[in-house]
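Report on the structure
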Amino acid sequence: EDISQMRVPIHGPKALWKRGVSGTALEFDGYHSLVSFPASNAPAVSGDGLTIEGWIALGAYPWNWVPIIQQGDDDGYFLGVDSHGYPGFKLKVSGVWQQLVVPGRPPYNDTNHLALFHWYQLAGTYDKGQGVMRLYLNGKQVGEKAVGGSGVQTTNANIRLGKAGLLKVPTDGTHDTLPSEFGLDGLIDEVNIYNVGLNRRQVAESFASMNPGPAVLNHPDMQPRHLPNPTTNRKFEAYYTRLQYYETWDNMWCFGSFPDVVVGFDQSPIKFVFWRGVSFVPMMVNESNQWFTEEFNETGFCEDAPGDCEPMSDKACRVSHVRIIENNPARVVVQWRYRLANPSHHWAFYDAATGWGDISDWYFYIYPDGLASVDMRLYTSRPDYGHEWDEQIAVFGPGQHPEAVIRKQPVMTLVNAAGQSTDYDWNPNPPNPNYPGNIIQMIHFTGEYSPFAIQKFDGGDIYGGERTWYSVFPTWNHWPIAQINSSGRNASFPDRASHSSISHLSLPEYATQNGPVTYIEKLLMEGMTDLPAAALTNLAKSWLDAPAVADVTGGSSQGYSQPQRTYVFTYGSGAAPLTFEIAASVRHPIHNLCFEIRNWKSRTTRATLKIGGVSQSDGPNFRQGVKIDTDGSWTLIVWVGLSVETKQEFEVAAQ
């Protein structure tokens, strides 16, 4: 006896019907998708036994055991797949939850392991007369177990397809993981329940009768999965967009058409990406679509918020957001604001009297040379707690293994203020470098462009723990993309988006404020380059020890703003041009410049620029834009592409 022609609800954000092995199949999103119906509508499990069968195609391996079909929880019956991609059949017999599984071992590549994006038939049978459970894969038996002939004990629980429920916690490869939604990510088709135990021949015939052939088996109707690779048309600009991943994941988001921000460049193939799929944690992306971040604040395991209070814990972006503050040909400014809460949404150092806890407010001043000066401000009532500020993280999409993205020789280069560089390998264990005295750290990618950070590091450490057989780099897949309630789950396959942490950097304080509103402020420069790390020495010195301004006429100087990587001036009220000198030297070089000139004439007034008395033409090395300030006045932003170690004279005038 089988069941069919039953109308049941499909739970989840959206039902997606796809081409199946026979007619249509239902695609499950791995979190919310569920087909459920009352036990009274299922065949009575009595008489000779039970057979359960179904066809599946996995888009990713489950977080834990997930069912094709089940009744109850450690009760009734279950046919499904474990977190490493192996099938299993489970029954309650004589009061014992019997499990027939085909366990695998790293690297999980034997014949019983289910490949992704491939159709399989699974079947479990129980013959009451023989007292034996049997498990089949594509019509062939892969395991059996004697369990006795007392029959299957069922319950009144609903029959569930595609989702295990909220009670399960992952059983391996995990830490800091709480009960969560664990479902099957992929396609399910042709599920059948019989109240008899089919024999080997009957199971093989069932497989053969539904086998659609290799053209369908090897190409299930699911979208491929890659990290977004947004186009910027090689323009220097920021824009709002809604980046796409794959449709079942995209369907889960309650966002409009423009939640994400992308910044592109006209003279570099890299991008800055602020995407909800990575909790808006800012990403630098190179020409090979390899992702990296230098960020973020973390308050770990405080009294009222146990666990990792950090932006990656905000998986649904409930309390994180990003917005474009400034967007002109000379400069882009992006704000990223996020609350430090753990995966259960407990806010670090929450104060009921004020309604506030730890919160970060960061500004990215991004320039045409592909660099960002990051002004990081952490508002906290506990500035002495030991908050994390910088974690070097490579992010991988499905199909990307860490060692296909991060070079192993060298992995990292440190450069000191004298321009001397030291390379470090993981050979096979991570090194123990001495960070103080260094001003540049580069992580080497296999692509053409690699990420780097600049600051006068006062400490740091290498992520040496939590490594597994999977990679020399510790790798987790609880973030990004994932929506499970976890702050740590080790990756075993490149099936999902994942990340590897390389190091922490300790950064000096730039400013602090005490009192009712307490904050700590730190700075960082970051970017991606195709140059050797030591070639960035003058760039680093130009920001860390910027040359002074002198001999200002036609206005006034407010000096160099390191957070913004810009020289700030006020334009005079008369018609005289603004002139000034930048006292560059070998110790204080110029490596590209930005001038912020307040009290500008109007939004449409263009500026002329002379360097050493020579007029400069608008183009890649002379860009300008105008922004309006909060008081209604206008501010001119000028970008100058110039790298020298000698004094330079500048003249800016209104046309």
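By convention here, each chain's residues receive numbers from 1 onward along its written sequence. Two thresholds apply to this predicted model, a pLDDT of at least 70 for residue-level local features and 80 or more for giving and counting side-chain atom pairs, whereas whole-chain, interface and lining totals are computed over all residues. Side-chain measures here rest on the full set of heavy atoms in the structure, leaving out hydrogens and waters.

Take the overall build of the chain next. Labels follow the DSSP assignment, with helices taken as runs of H or I lasting at least four residues and strands as runs of E lasting at least two, numbered in each case from the N terminus. When helices and strands are tallied, the chain shows five helices and 47 strands. In terms of overall dimensions, the chain has C-alpha extents of about 100 × 55 × 50 Å along its principal axes. Out of the 655 residues belonging to the chain, those deemed buried represent 58%. In the chain, the share of contacts with a sequence separation of at least 24, taken over all contacts with a separation of at least 6, comes to 68%. Areas reported as accessible are Shrake-Rupley estimates using a 1.4 Å probe. Residue values count occlusion only from the protein chains shown. Of the roughly 25,000 Å² of accessible surface on the chain, a fraction of 48% belongs to carbon and sulfur atoms. The sign given to each residue is positive for Lys and Arg and negative for Asp and Glu; His and the chain ends receive no count. Lys charges are placed at NZ, Arg charges at CZ, Asp charges at CG and Glu charges at CD. On the chain, the mean spot of the 48 positive side-chain charges and the mean spot of the 67 negative ones are 3 Å from each other. Three exposure classes are used, based on accessible area relative to the maximum for each residue type with a 1.4 Å probe and protein chains only: buried under 20%, partly exposed in between, and exposed over 50%. We call two residues contacting when some pair of their heavy atoms lies within 4.5 Å.

The topology assignment puts R339 in strand β25 (residues 331-339). We count a salt bridge whenever a side-chain nitrogen from Lys or Arg sits within 4 Å of a carboxyl oxygen from Asp or Glu. This buried residue, R339, is left without a salt bridge; D314 holds the nearest opposite charge, at 7.1 Å. Not counting residues within four places of it along the chain, the set of residues in contact with R339 comprises V319, H345, W347, D358 and I359.

Let's shift gears to the pattern of salt bridges. It is possible for side chains bearing opposite charge to pair when their charged atoms get close. Inspection of the entire model under this criterion finds 23 salt bridges. Residues D369 and R565 are paired through a salt bridge, measuring 2.9 Å at the closest nitrogen-oxygen approach. Here the residue D369 occupies a position in the loop between β26 (359-366) and β27 (371-379), and R565 occupies one in the loop between β39 (555-561) and β40 (566-571), the gap between them amounting to 196 residues. What makes R565 buried here is its relative accessible area of 5%. Its salt-bridge partner being R382, residue D384 comes within 3.5 Å of it at the nearest N-O pair.

Another point: the pairing of strand β47 (residues 648-654). Consecutive side chains along a regular strand alternate between the two faces of the sheet. Think of it this way: DSSP has to see at least two bridges between two strands before they count as a pair. The sheet contact formed by strand β41 (residues 578-582) and β47 spans five bridges and is antiparallel. Residue pairing across strands places T579 opposite E651, the latter belonging to β47. Relative to β47, strand β43 (residues 607-611) runs antiparallel, the two sharing five bridges. Looking across to β47, one finds that I611 is bridged to F650.

The strand order across the open sheet formed by five strands is β39-β40-β42-β46-β45, and the pairing between neighbours is mixed. Looking at strand neighbours, the two that pair on one side only are β39 and β45 (622-628), the edges of this open sheet. Sheet twist, expressed as the mean angle between neighbouring strand axes with direction ignored, is 20 degrees. Two elements, β45 and strand β46 (residues 634-644), share seven bridges in a ladder whose sense is antiparallel. Considered in β46, the bridge of G625 is made with I637. Across the sheet, helix α5 (residues 537-544) lies against β39 and β42 (590-600), angled at about 30 degrees from β42, the strand it touches most. Helix axes are fitted only over the stretch in contact, all axes being lines through C-alpha atoms; the angle between N-to-C directions runs from 0 to 180 degrees.

Moving on: the environment of V216. When you line up the elements, V216 lands in helix α2 (residues 214-217). Separated by 61 residues in the primary sequence, V216 and T155 have C-alpha atoms spaced 37 Å apart. In contact with V216, not counting residues within four places along its chain, are G20 and W119.

With that out of the way, let us pick up α5. Each turn of an α-helix holds 3.6 residues, which means side chains three or four residues apart point in the same direction. With seven of eight residues buried, α5 is to be regarded as a mostly interior element. Among the residues making up α5, those that are buried are T537, L539, A540, K541, S542, W543 and L544.

Tracing the chain through its elements places S500 in strand β35 (residues 498-506). A residue is classified by how much of its surface remains accessible, and S500, at 0% relative accessible area, is buried. At 3.2 Å, the side chain of S500 forms a polar contact with the backbone oxygen of P474. Polar contact is the term for a pair of N or O atoms within 3.5 Å; when the atoms are in protein, one must be able to donate a hydrogen and the other to accept it, and sequence-neighboring residues count only if both atoms are side-chain atoms.

All buried positions along helix α1 (residues 200-210) are accounted for by V203, S206 and F207. Down the axis of α1, the buried side of the element spans an arc of 95 degrees, and every buried residue falls inside it. Among the exposed residues of α1, those pointing more than 90 degrees away from its buried face are A208 and S209. Where the residues of α1 are buried, they touch β5 (49-58), β10 (119-127) and β11 (132-137). Looking at where α1 begins, the residue whose side-chain oxygen comes 3.2 Å from the main-chain nitrogen of R201 is N199. What the arc covers is the set of directions going from the helix axis to the C-beta atoms.

Turning next to the sheet that holds strand β7 (residues 77-81). One open sheet holds the seven strands; their spatial order is β1-β4-β13-β6-β7-β8-β9, and the pairing between them is antiparallel. The open sheet is flanked by β1 (10-11) and β9 (96-101), the only strands paired with a single partner. Pairing between strand β6 (residues 66-71) and β7: five bridges, direction antiparallel. Bridging from a neighbouring strand, Q71 pairs with Y77 of β7.

Ranked by internal contacts, the top residues of the largest apolar core, which has 123 residues, are V263, W275, I366 and I406. What W275 contacts, discounting residues up to four positions off in sequence, is L227, P228, L243, Y245, W249, D260, F280, W291 and I481. Definition used in this section: a nonpolar core is a set of buried Ala, Val, Leu, Ile, Met, Phe, Trp, Tyr and Cys residues joined via side-chain atoms within 4.5 Å.

Within β40, five of the six residues are buried, leaving the element largely enclosed by the surrounding structure. Bridge analysis of β39 against β40 gives six bridges, and the strand direction is antiparallel. Residue Y560 lies in a different strand from β40, and its bridge partner there is Y567. Counting the residues in the hairpin turn of β39 and β40 gives four residues, including R565, whose phi is positive at 55 degrees.

The next subject is the packing of aromatic side chains. Ring pairs shown here join Phe, Tyr and Trp side chains whose ring centres sit within 6.5 Å, with only the six-membered ring taken for Trp; geometry is labelled stacked below 30 degrees between planes, edge-to-face above 60, and tilted in between. Counting across every chain of the model gives 37 aromatic pairs. Geometrically, the ring pair formed by Y245 and W249 is edge-to-face, given 5.4 Å between the ring centres and 90 degrees between the ring planes. A single burial state applies to Y245 and to W249, both of which are buried. Between W275 and W291, the aromatic rings sit 5.9 Å apart at their centres with planes inclined by 65 degrees, giving edge-to-face as the arrangement. Taken together, the positions of W275 in the loop between β19 (271-274) and β20 (283-285) and W291 in strand β21 (residues 291-293) put the pair 16 residues apart, joining distant regions of the chain.

Geometric values such as these leave the question of function open.
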